2 protein chains.
Amino acid sequence: MWKPDRGSDKPLYAQIADDLARRISSGEFPPGTRLPSERSLAELLGVNRSTVVLAFGELRAAGIVESRTGSGTRVSRGGWGAAPKQTPNWSRYAEDGGFLPNLPLMRRIREALSRHPSLIDFASGELSADLAPAAEIAALLREQDDIAYLGYDNPQGHMPLREALASYLARYRGIRTTASSVLITSGSQQSLFLIAQCLLAPGDAVAVEDPSYCRSLPMFQSAGLRVFRLPVDEHGTRPGDIRALRKKHRVKMVFLNPNYQNPTGTVLGAERRKELLEAASGLGLPIVEDDPFSLTAFGERPPDPLKAMDADGSVLYIGSFSKIAASGLRIGWMVAPNAIVERLADARQQMDFGLSVIPQRIVARFLESPYFRPHLERLRTELQFKRDLLIDALRKELPDQVEFAVPRGGLHLWCRLRHAVQDGKLLDEAIRRGTVFVPGSVYGSAPGYVRFTYARPRAEDIGPGVAAFAEALRAMEHGPGGP
Amino acid sequence: MWKPDRGSDKPLYAQIADDLARRISSGEFPPGTRLPSERSLAELLGVNRSTVVLAFGELRAAGIVESRTGSGTRVSRGGWGAAPKQTPNWSRYAEDGGFLPNLPLMRRIREALSRHPSLIDFASGELSADLAPAAEIAALLREQDDIAYLGYDNPQGHMPLREALASYLARYRGIRTTASSVLITSGSQQSLFLIAQCLLAPGDAVAVEDPSYCRSLPMFQSAGLRVFRLPVDEHGTRPGDIRALRKKHRVKMVFLNPNYQNPTGTVLGAERRKELLEAASGLGLPIVEDDPFSLTAFGERPPDPLKAMDADGSVLYIGSFSKIAASGLRIGWMVAPNAIVERLADARQQMDFGLSVIPQRIVARFLESPYFRPHLERLRTELQFKRDLLIDALRKELPDQVEFAVPRGGLHLWCRLRHAVQDGKLLDEAIRRGTVFVPGSVYGSAPGYVRFTYARPRAEDIGPGVAAFAEALRAMEHGPGGP
Ligand SMILES: Cc1ncc(COP(=O)(O)O)c(C=O)c1O
Ligand SMILES: Cc1ncc(COP(=O)(O)O)c(C=O)c1O
């Protein structure tokens, strides 16, 4: 991000005017588009609003922008010759496409984090930097001496990684599979996207957990699917609900996250697993099992995945490196019947022509290296430690205002507020006090819930973060203007 | 790919039977699905067909598969208990989705190449391994000592790479832009996919060159777009055609590859560029400029991109690292107005949650390293050398049967056959003789054309490859049964 240089001889306002003029002439803000407001630009650049007012004045004087009260400042049209010129109506193109934008609350969180990187972050569903195996990965990168081929790779993914995953899956998840049944994806997200786009058609009905992974909902909607909800209780979803939905709405696929579910942390009960597989196999109904968290289990052996018991081939199994190592590598995988793997690999060629070879090589080596097991041990210990810090802080700061079950694995704690408040307002109050979380409504559930990701903030920030959240909550309860 | 071990004491057929049993029980071939034919399995595993017949006999005896004359060998249903069980009808799921599969000829080429890696490859539209900067990239990987952050990255792409690209674009392509107008993508392919999915809606009309990049056609169809064609002559597309299409079909976007077009090698004429931009700006019609080949120009300065003259912001500019360095890194970029970049970055979060950080870091460093310029010099020299080898071989082997224009850049030579033959048959004949190319029909053009990618085969294979192609063509001309 460009910032004005306070050491320069050129006044700040002139630097800003020049930068904007350059960005306008480069097409970043085409003729007719509205510039960011004076206030937000000032915040972004870390200057006084009056400085931005001066810069806008310069641009107005040069005829580059025009302001009208109430409608902000826009890039001037015309001035480029006599013939009538027209810029494509880019905002219309941006709005009219078939694809739906993400949830506004998620975008608000992302914007807050990019403007204020010092916020204590309970919102991003990922590990903190110190929990990623960065040193190990750097060491493996230094060992890359034999990069013989950097061309378009196998559409299903890099063969050495698929082989490493087949043995990883046998060893850690009790899944017997072969490299040819494995598809490498850009995280679980791409697995879910491929399934929604390529195996289902607009108008098809699917069942998902309620609450469930927030980024899957807009994705299903973009694919034109009708989404039906399966309430999650303390043992997960109920097989009877699935049978009922199948009957009533001809649901074509069920999406589940059985171990340490996002956001609730719930583990699907052993009896229900059996019943569910029976139901699926009786109905010929596919289950998508999203299993990113199992290897974080705290001091217990995580339950076997449904896929390990899937004698009839009803389950598409999805895994990811994001929650056990590093989300920025963008490596996930799917285990599926041959026909499905081939179909999805073929379709993905149209979308992105496959994944980069280098991160796939790194992950293959990491899985087979002596680094992997000790990394998992350390990860589990540290995650449990952070979970306990969060629990202690919540009990101390908000003894009577919150309720939660203690998660036995995963990255998140799902918290009910005794007195429901308005989600978006609470978020704003918390941001103002230096912390950010994800409001429960984002997961499609009833208001009055909050998801705290204990994996993401640094250990020493967890206490202060909860204190800031508690203040925000109290400010809400006392209403605007409160004590 | 698993292959039977000829050194083992266990007979080949038993090894194959065991491998198939394992793959069946792991769900790769669920109950009811059809196994590959005896012939294709024998070819795949490099054994006699009789060996596979024995292996299938074993599996049949064990009740694992069933054969019926005429319908091949299928995995048995049942045998898993008394309750009626059902496997999801996976082939239906694979066929029913909204997304269209890729062109069958392209899949046939890919299959041939994966079965016979020794084929002389004029088909894959990419550089040969020795033209990629593998040693340079390995050196840069070894320098990665400061991987501080491996989390989810900025949705628009890694900031240091966007900054490196802004200065690359100014220096090499005359495009003035800023990091915030750049979106990093998984190659040009993902840029095109994002545009088709997010800025256009099903039913919208678009105009594309005829012939044009083969992988864009199924992609546009998957997005539900109506595709209209702009014939390419020796100076590219005609602006008048675009005006006419706009009027007649309300075309909403135009896709062009103005420099060293794939597949024809054509360069859009200077006059036409001006006219085209005027037409676009008069109509408020966006142009997508796909520019992957310019930096390969042989002994000439490549024409400036349309984007460099785009005063009214009508052009979305797309670039890629694939054709000038390494397609397996999967790094491309788009330069677009702010509203568009934000919209596409947001939507991509639903598709794959962004690109891996590591290849982005590598490309950023490579662009700014002292390796980059010498790499480009070497690339151009070698490409021109290979182009000349191809031309000499074609003139020698097929003096009277082919016609072509000599490309001044890019990776491909577009060749007209004086006597049109059936595309698919010619391909089969060529594969049988050890070489592979892309039939012109794949690009949507009239039959009787062939695309040869001179960049892909090794220099020493170009002559023998053309000789094999010439034999295949002669076999066709003399009809089945040969001369
Ligand atoms: C349940 C679940 N599925 C999928 C994902 C997507 O993660 P990734 O694409 O990084 O694997 C997440 C991330 O939060 C998740 O929680
Ligand atoms: C004109 C054109 N556009 C786009 C692409 C896609 O390439 P990539 O996604 O590797 O950049 C190609 C590849 O052949 C091409 O020729």
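Residues numbered from 1 in each chain as written. Chains lettered and ligands numbered in written order. Predicted model: local features only at pLDDT ≥ 70, side-chain atom pairs only at ≥ 80, totals over all residues. Heavy atoms only, no water.

Chain A goes by PLP-dependent aminotransferase family protein in an unreviewed UniProt entry, where it is assigned to Paenibacillus artemisiicola. Within the UniProt record for chain A, the comment given under Sequence similarities (unreviewed entry) is "In the C-terminal section; belongs to the class-I pyridoxal-phosphate-dependent aminotransferase family." (UniProt positions renumbered as here; feature names shortened; annotations may be inferred.)

Draft legend 1. Representation of the overall build of chain A. When helices and strands are tallied, chain A shows 16 helices and 15 strands. For 483 residues, the compact-globule formula gives about 23 Å, and the C-alpha radius of gyration of chain A, at 25 Å, lands near that figure. Referenced to the eigenvectors of the C-alpha coordinate spread, the extents of chain A come out at roughly 75 × 60 × 55 Å. Residues counted as buried form 61% of the 483 residues belonging to chain A. The contacts in chain A between residues at least 6 apart in sequence include a share of 73% that link residues at least 24 apart. Within the structure as shown, chain A displays about 18700 Å² of accessible surface, and the carbon and sulfur contribution to it stands at 50%. (Helix = DSSP H or I, 4+ residues; strand = E, 2+ residues; numbered from the N terminus. Rg over C-alpha atoms; globule rule 2.2 N^0.38 Å. Buried < 20%, exposed > 50% of the residue type's maximum accessible area, 1.4 Å probe, protein only. Contact = heavy atoms within 4.5 Å. Areas by Shrake-Rupley, 256 points an atom, 1.4 Å probe, with all protein chains shown as cover.)

Draft legend 2. Representation of the sheet that holds strand 8 (residues 287-290) of chain B within the structure. All names here are of chain B. Sheet architecture is open: 7 strands sit in the order 4-10-9-8-7-5-6, paired in mixed fashion. Each edge of the open sheet carries a strand with a single partner, namely strand 4 (182-185) and strand 6 (226-231). The sheet shows a mean angle of 20° between the axes of neighbouring strands, taken without regard to direction. In this sheet, strand 6 lies alongside strand 5 (residues 205-210) in parallel orientation, the contact comprising 6 bridges. Looking at strand 6, one finds that Ala205 is bridged to Arg226. Sheet strands touched by helix 7 (residues 159-173): strand 4, strand 9 (315-320) and strand 10 (332-335). Its angle to strand 4, the strand with the most contacts, is close to 105°. (Pairing = 2+ DSSP bridges. Axes fitted to C-alpha atoms, helices over the stretch in contact; angles between N-to-C directions.)

Draft legend 3. Spotlight on the site of ligand 1. In the region of ligand 1, 13 residues are neighbours, and A:Asn262, A:Asp290, A:Ser320, A:Ser322 and B:Tyr152 sit closest. Close to ligand 1, residues of chains A and B are found. A:Ser320 places a polar side-chain atom, nitrogen or oxygen, 2.6 Å from an oxygen atom of ligand 1. Contact with the protein chains covers 97% of the free accessible surface of ligand 1, which is 400 Å². Per-element tally for the shell around ligand 1: the top contributor is helix 8 (residues 187-198) of chain A, with 3 residues. (Near = heavy atom within 4 Å. Polar contact = N/O pair within 3.5 Å; in protein donor to acceptor, adjacent residues only side chain to side chain.)

Draft legend 4. Here's a closer look at the pairing of strand 9 of chain B. All names here are of chain B. Of all 6 residues making up strand 9, 6 are buried, and the element is well covered by its neighbours. Across the two faces of strand 9 the burial is the same, with Val315, Tyr317 and Gly319 and Leu316, Ile318 and Ser320 all buried. In the sheet, strand 8 pairs with strand 9 via 4 bridges, with the strands oriented parallel. Bridge assignment links Val288 to a residue of strand 9, and that residue is Leu316.

Draft legend 5. Quick look at the environment of B:Leu100. Topologically, B:Leu100 is positioned in the loop between helix 4 (90-96) and helix 5 (104-115). Judged by relative accessible area, B:Leu100 falls into the partly exposed class, the value being 35%. Those residues within four positions of B:Leu100 in sequence are excluded, and the remaining contacts are A:Arg343, A:Gln350, B:Gln221 and B:Ser222.

Draft legend 6. Region of interest: the environment of A:Pro439. Residue and element names in this part refer to chain A. For Pro439, the location among the structural elements is in strand 14 (residues 438-439). We classify Pro439 as buried; its relative accessible area is 0%. As for Pro439 and Gly424, which are separated by 15 residues in sequence, their C-alpha atoms are 7.5 Å apart. Discounting chain neighbours no more than four positions away, the residues touching Pro439 are Leu105, Ile109, Asp423, Leu427 and Tyr449.

Draft legend 7. A look at a positive patch on the surface. Residue and element names in this part refer to chain A. On the surface, Arg34, Arg68, Arg74 and Arg77 cluster together into a patch of positive charge. Within the fold, Arg68 resides in strand 1 (residues 65-68). A residue is classified by how much of its surface remains accessible, and Arg68, at 64% relative accessible area, is exposed. (Patch = residues over 30% accessible without salt bridge, like charges linked within 9 Å, V, L, I, M, F, W, Y side chains within 5 Å. Salt bridge = Lys/Arg side-chain N within 4 Å of Asp/Glu carboxyl O. Lys, Arg positive; Asp, Glu negative; His and termini not counted. Charge placed at Lys NZ, Arg CZ, Asp CG, Glu CD.)

Draft legend 8. Helix 15 (residues 423-432) of chain A, seen in detail. All names here are of chain A. For helix 15, the tally of buried residues reaches 7 of 10 residues, placing the bulk of the element in the interior. For helix 15, every residue scored as buried is listed here: Asp423, Gly424, Leu426, Leu427, Glu429, Ala430 and Ile431. Each element contacted by the buried residues of helix 15 is listed here: helix 5 (104-115), strand 12 (412-417), strand 13 (435-436), strand 14, strand 15 (449-453) and helix 16 (459-477). Just downstream of helix 15 lies Gly434, where phi reads positive at about 100°.

Draft legend 9. Examining the sheet that holds strand 4 (residues 182-185) of chain A more closely. All names here are of chain A. Spatially, the 7 strands line up as an open sheet ordered 4-10-9-8-7-5-6, and their pairing is mixed. The sheet terminates laterally at strand 4 and strand 6 (226-231), the two strands that pair on one side only. Neighbour to neighbour, the strand axes of the sheet diverge by 20° on average, direction disregarded.

Draft legend 10. Quick peek at the relation of the copies chain B and chain A. It takes a turn of 180° to lay chain B on chain A, together with a shift of 0.0 Å along the axis; the resulting RMSD is 0.1 Å. Overall, the copies show the geometry of a two-fold rotation axis. Closest to the rotation axis within chain B is the C-alpha of B:Arg142, separated from it by 2.0 Å. Interface overlap between copies is the fraction of interface residues in one copy that are interface residues in the other; for chain B against chain A it reaches 100%, indicating a shared surface. (Least-squares fit on C-alpha atoms with pLDDT ≥ 70 in both.)

Draft legend 11. Fine view of the interface of chain B and chain A. Chain B puts 107 residues into the contact, and the matching count from chain A is 108 residues. For chain B, the biggest contributors to the area lost against chain A are B:Trp90, B:Tyr93 and B:Gln350; these three give 9% of the whole. Across the chain B-chain A interface, the total number found is 2 salt bridges. Across the pair A:Asp346 and B:Arg110 runs a salt bridge, and its minimum N-O distance is 3.9 Å. Counting across the chain B and chain A interface gives 36 residue pairs in polar contact (both at pLDDT 80 or more). For the side of chain B that touches chain A, the per-class residue count stands at 52 nonpolar, 33 polar and 22 charged. (Buried area = accessible area lost by both parts, 1.4 Å probe. Nonpolar A, V, L, I, M, F, W, Y, C, P; charged D, E, K, R; others polar.)

Draft legend 12. Spotlight on the site of ligand 2. Ligand 2 sits among 13 residues. The nearest are A:Tyr152, B:Asn262, B:Asp290, B:Ser320 and B:Ser322. More than one chain approaches ligand 2, the contributing ones being chains A and B. At a separation of 2.5 Å, an oxygen atom of ligand 2 approaches a polar side-chain atom of B:Ser322. For ligand 2, the accessible surface in isolation is 390 Å², of which the surrounding protein chains cover 97%. A per-element tally of the shell around ligand 2 places helix 8 (residues 187-198) of chain B first, with 3 residues. Looking at the shell around ligand 2, its residues break down into 3 nonpolar, 7 polar and 3 charged.

Draft legend 13. Up close: the nonpolar core. Within the largest apolar cluster, 174 residues are counted, with the highest numbers of intra-cluster contacts made by A:Phe321 and B:Phe321. Residues contacting A:Phe321, with those up to four places away along its chain left out, are A:Ala326, A:Leu329, A:Ile331, A:Trp333, A:Val363, A:Phe366, A:Leu367 and A:Phe372. If you look at the next biggest cluster of nonpolar residues, it comprises 69 residues, including A:Ala94, A:Tyr213, A:Ile318 and A:Ala336. (Core = buried A, V, L, I, M, F, W, Y, C linked by side-chain atoms within 4.5 Å.)

Draft legend 14. Local environment of the pattern of salt bridges. Residues and elements named next belong to chain A. Throughout the structure, instances matching the rule amount to 54 salt bridges over all chains. One salt bridge connects Arg416 with Glu403, and the closest N-O pair in it is separated by 3.1 Å. Separated by 13 residues along the polypeptide, Arg416 in strand 12 and Glu403 in strand 11 (residues 402-404) bring together distant segments of the chain. The exposure class of Arg416 is partly exposed, given its relative accessible area of 32%.

Draft legend 15. Molecular detail of the packing of helix 5 of chain B against helix 15 (residues 423-432) of chain B. Residue and element names in this part refer to chain B. It is at 12 Å that the axes of helix 5 and helix 15 come closest, and there the two elements cross at 5°. Considering the angle they form, helix 5 stands roughly parallel to helix 15. Residue-level contacts link Leu105, Arg108, Ile109 and Ala112 of helix 5 to Gly424, Leu427, Asp428 and Ile431 of helix 15. For the contact of helix 5 with helix 15, a count of residues per class yields 5 nonpolar, 1 polar and 2 charged. (Parallel < 35°, antiparallel > 145°, perpendicular 65-115°, else oblique.)

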